[in-house]
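# Breakdown of the fold
Here's the letter readout for the chains.
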Amino acid sequence: MGLMKFGCFLWLCVVGLLGLGSLCGVRAGDIVHDDNRAPKKPGCENDFVLVKVQTWINGQEGREFVGVGARFGTSIVSKEKNANYSLLTLSNPRDCCSPPKKKLEGDVIMVERGNCKFTTKANVAQDAGASAVLIINNQKELYKMVCEPDETDLDIHIPAVMLPKDAGVSLENMLLNNTSVSVQLYSPRRPVVDIAEVFLWLMAVCTILIASYWSAWSAREAAIEHDKLLKDASDEHEDTKGRSFGGVVEISVTLAILFVVVASCFLVLLYKLMSDWFIELLVVLFGIGGAEGLQTCLVAILSRVFKSAGQSFVKLPFLGAVSHLTLAVTPFCITFAAVWAVYRNVSFAWIGQDILGIALIVTVLQIVRLPNLKVATVLLSCAFLYDIFWVFISKYIFHESVMIVVARGDKSGEDGIPMLLKIPRMFDPWGGYSIIGFGDILLPGLLVVFSLR
């Protein structure tokens, strides 16, 4: 039992504190960026915004690409209906460091990065009559286009957008294989609050309430059973007064501090080793924990209906006495977790992730408890300092927010760690998910459980 409690505590460290601050700090695909390393000056003071490049091939709507607007040039309209349809033209010469061989009449010109400054390309395109310039990066990533400190020729009145290399290849193929390719450039604004965030908040609150009341009710049931045993037991059982209820981990002050230290070490480990294989390992661990949590919740609920199955047991090697109800439910839980793991990248996989996550949170709140207000104060204070450090202060040490990088999975090519509840953003033109980490639910839940007990 001691090993099980220690494992539960480590799991709480891993899945709990990894998610602190993620509701407000992490949003998939932030569209407005500021960069103090690229200071603003007159003629070069735009925010870096993501830009949608919608293509139209021979009058039919085509693919959509995403680029980033430059620090210089005119700002890009936010509404699609206000974005002009303009013909796309391939620059000749490709780098647009010298005037194009033919005059442009309001076309959007596509140029390659390199051989001269970004502002030079924009000025040349503007003088040739272009309405906008798309600069194709020589890498798959996007790059922030800024002005040189000594630049003065910044009277640029057309938008400049950088696209990744693969988008440039696709656009060039469109131009070579079709008679007419037009584009629209616009940067839609995100709503201040998406309804998905409301549902996410409700889901988190309901999870805390269900787990808290369930835990308090279970504690009262155990106390009543304990009192009955004391009344009916013989003298040989009188020493049970000093025992805690089985299967419960009570956090001490030492464990509260260790809680944050272990979580910090694991967070740094994730940050340094973030890769596809490491995310796969986390998916496996989350699937095991989620399946165990789902089994615990289902057995507890169904045992009220199928009392005989819940109270009849069979002995199994290595596992000991296991109820028939647990044997019946376990295959379903394992299959559910396995199906989610295999199909976790499909559009509706967030539903399975949320079910497994909620079941895991509820189970942890049944096992881990705060014994007194002193421990609760130490734990929440340490968690607060942990959150502030890894979300905000870590930027000055690692040059980026470690917590946000790990939560997003920026270095893995994946959607991020699975220890999150998430809901698709419903009215956001950029899509993505609103997410909240398990720590944002577990820590308030521990406090509410303590208050109810």
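So, here is what we can say about the structure in this document. (Residues numbered from 1 in each chain as written. Predicted model: local features only at pLDDT ≥ 70, side-chain atom pairs only at ≥ 80, totals over all residues. Heavy atoms only, no water.)

## Concerning the overall build of the protein chain
Assigned secondary structure in the protein chain consists of 14 helices and 14 strands. In the protein chain, buried positions account for 46% of the 453 residues. Long-range contacts, defined here as pairs at least 24 residues apart, represent 73% of the contacts in the protein chain between residues at least 6 apart. (Helix = DSSP H or I, 4+ residues; strand = E, 2+ residues; numbered from the N terminus. Buried < 20%, exposed > 50% of the residue type's maximum accessible area, 1.4 Å probe, protein only. Contact = heavy atoms within 4.5 Å.)

## Description of the packing of helix H11 (residues 373-393) against helix H14 (residues 439-452)
Two quantities define a packed helix pair, namely the angle between the axes and the distance from one axis to the other. H14 packs onto H11 with a crossing angle of 170° between their chain directions and a minimal axis gap of 11 Å. The orientation of H11 with respect to H14, classified from their angle, is roughly antiparallel. Between H11 and H14 lies a crossing of left-handed hand. Within the contact between the two elements, H11 uses Leu-373, Ala-376, Leu-379, Leu-380 and Ala-383 and H14 uses Leu-443, Leu-446, Leu-447 and Phe-450. Tallied by class, the residues present in the contact of H11 with H14 amount to nine nonpolar, no polar and no charged. (Axes fitted to C-alpha atoms, helices over the stretch in contact; angles between N-to-C directions. Parallel < 35°, antiparallel > 145°, perpendicular 65-115°, else oblique. Left-handed = near helix turned anticlockwise from the far one by under 90°. Nonpolar A, V, L, I, M, F, W, Y, C, P; charged D, E, K, R; others polar.)

## Thoughts on the packing of helix H10 (residues 349-367) against H14
Contact geometry of H10 with H14 gives a least axis separation of 10 Å together with a crossing angle of 35°. Of the two possible hands of crossing, H10 and H14 adopt the one that is right-handed. Every residue of H14 that contacts H10 at Ile-361, Val-364 and Leu-365 is listed here: Ile-441, Leu-442, Gly-445 and Leu-446. Its residues assigned to classes, the contact of H10 with H14 comprises six nonpolar, one polar and no charged.

## Details of the state of the cysteines
Enumeration over the complete set of coordinates arrives at two disulfides. The disulfide bridge from Cys-44 ends at Cys-147, spanning 2.0 Å between sulfur atoms. Between Cys-44 and Cys-147, the S-S dihedral sits near 105°, and the bridge is therefore right-handed. Separated by 103 residues along the polypeptide, Cys-44 in the loop between strand E1 (32-33) and strand E2 (48-57) and Cys-147 in the loop between strand E6 (132-136) and strand E7 (160-163) bring together distant segments of the chain. You can call Cys-147 buried: its relative accessible area is 14%. Disulfide pairing places Cys-97 opposite Cys-116 at an S-S distance of 2.1 Å. Of note, the bridge from Cys-97 to Cys-116 carries an S-S torsion of about -90° and is left-handed in sense. (Disulfide = S-S within 2.5 Å.)

## Section: the packing of aromatic side chains
As enumerated under the stated definition, the model contains seven aromatic pairs in all. Aromatic pair Tyr-271 and Phe-398: ring centres 5.4 Å apart, planes at 70°, arrangement edge-to-face. In this pair, Tyr-271 is assigned in helix H6 (residues 253-273) and Phe-398 in helix H12 (residues 395-398), connecting sequence segments 127 residues apart. According to the relative accessible area criterion, Tyr-271 is buried, its value standing at 6%. For the ring pair Phe-332 and Phe-336, a centre distance of 6.1 Å and an interplane angle of 45° mean the geometry is tilted. Of this pair, Phe-332 and Phe-336 both sit in helix H9 (residues 324-342), four residues apart, which is roughly one turn of the helix. Each residue in the set Tyr-271, Phe-389, Trp-390 and Phe-398 is aromatic and connected to the rest through ring pairs, giving one cluster. Over the ring of Tyr-433 we find Lys-422; its NZ or CZ atom is 4.4 Å from the centre of that ring. (Phe/Tyr/Trp six-rings, centres within 6.5 Å; stacked < 30°, edge-to-face > 60°. Lys NZ or Arg CZ within 6 Å of the ring centre and 35° of its normal.)

## Describing the nonpolar core
Ranked by size, the top nonpolar core spans 67 residues in total, and within it Ile-251, Leu-282, Leu-379, Val-406, Ile-417, Phe-438 and Leu-446 carry the most contacts. Within the second largest apolar cluster, 26 residues are counted, among which are Cys-44, Leu-50, Val-133 and Ile-135. (Core = buried A, V, L, I, M, F, W, Y, C linked by side-chain atoms within 4.5 Å.)

## Remarks on H10
Counted at 1.5 Å a residue, the expected span for H10 with its 19 residues is 27 Å, and the 28 Å between its end C-alpha atoms agrees. Summarising burial for H10: 15 of the 19 residues are buried, a large majority. (Expected span 1.5 Å × (residues − 1).)

## Focus on a nonpolar patch on the surface
A grouping of Val-192, Val-193, Ile-195, Val-198, Phe-199, Trp-201, Leu-202, Met-426 and Phe-427 is seen on the molecular surface, where their side chains present a nonpolar patch of about 930 Å² in accessible area. Relative to the assigned elements, Trp-201 resides in helix H5 (residues 195-232). Looking at Trp-201, the relative accessible area reads 52%, which means it is exposed. (Patch = residues over 30% accessible without salt bridge, like charges linked within 9 Å, V, L, I, M, F, W, Y side chains within 5 Å. Areas by Shrake-Rupley, 256 points an atom, 1.4 Å probe, with all protein chains shown as cover. Salt bridge = Lys/Arg side-chain N within 4 Å of Asp/Glu carboxyl O.)

## What to know about the pattern of salt bridges
One pass over the full model with this rule turns up seven salt bridges. Taking the shortest distance from any N to any O, the salt bridge between Asp-428 and Arg-190 comes out at 2.1 Å. Here the residue Asp-428 occupies a position in the loop between strand E13 (420-424) and strand E14 (433-437), and Arg-190 occupies one in the loop between strand E8 (181-186) and H5, the gap between them amounting to 238 residues. You'll find Asp-428 and Arg-190 in the same group, each marked buried. As a salt-bridge pair, Glu-280 and Arg-344 come within 2.6 Å of each other at their nearest N and O atoms. Here Arg-344 lies in the loop between H9 and H10 and Glu-280 lies in helix H7 (residues 276-302), a separation of 64 residues in the sequence. Judged by its relative accessible area of 16%, Arg-344 falls in the buried class. Salt bridges sharing common partners tie together Arg-190, Glu-197, Arg-425 and Asp-428.

## Comments concerning H9
Helix length check: H9, at 19 residues, gives a terminal C-alpha distance of 28 Å against a target of 27 Å (1.5 Å per residue), a fit within 8%. The largest bend along H9 measures about 25° and falls at Thr-330, with the proline Pro-331 one to four residues further on. Regarding H9, the residues found buried are Leu-325, Thr-326, Val-329, Cys-333, Ala-337 and Trp-340. Here the buried face of H9 lies against H7, helix H8 (307-311), strand E11 (320-323) and H10. (Bend = angle between axes of the 7 residues up to and from the residue.)

So, to be careful, I would describe these as geometric facts and stop short of saying anything about function.
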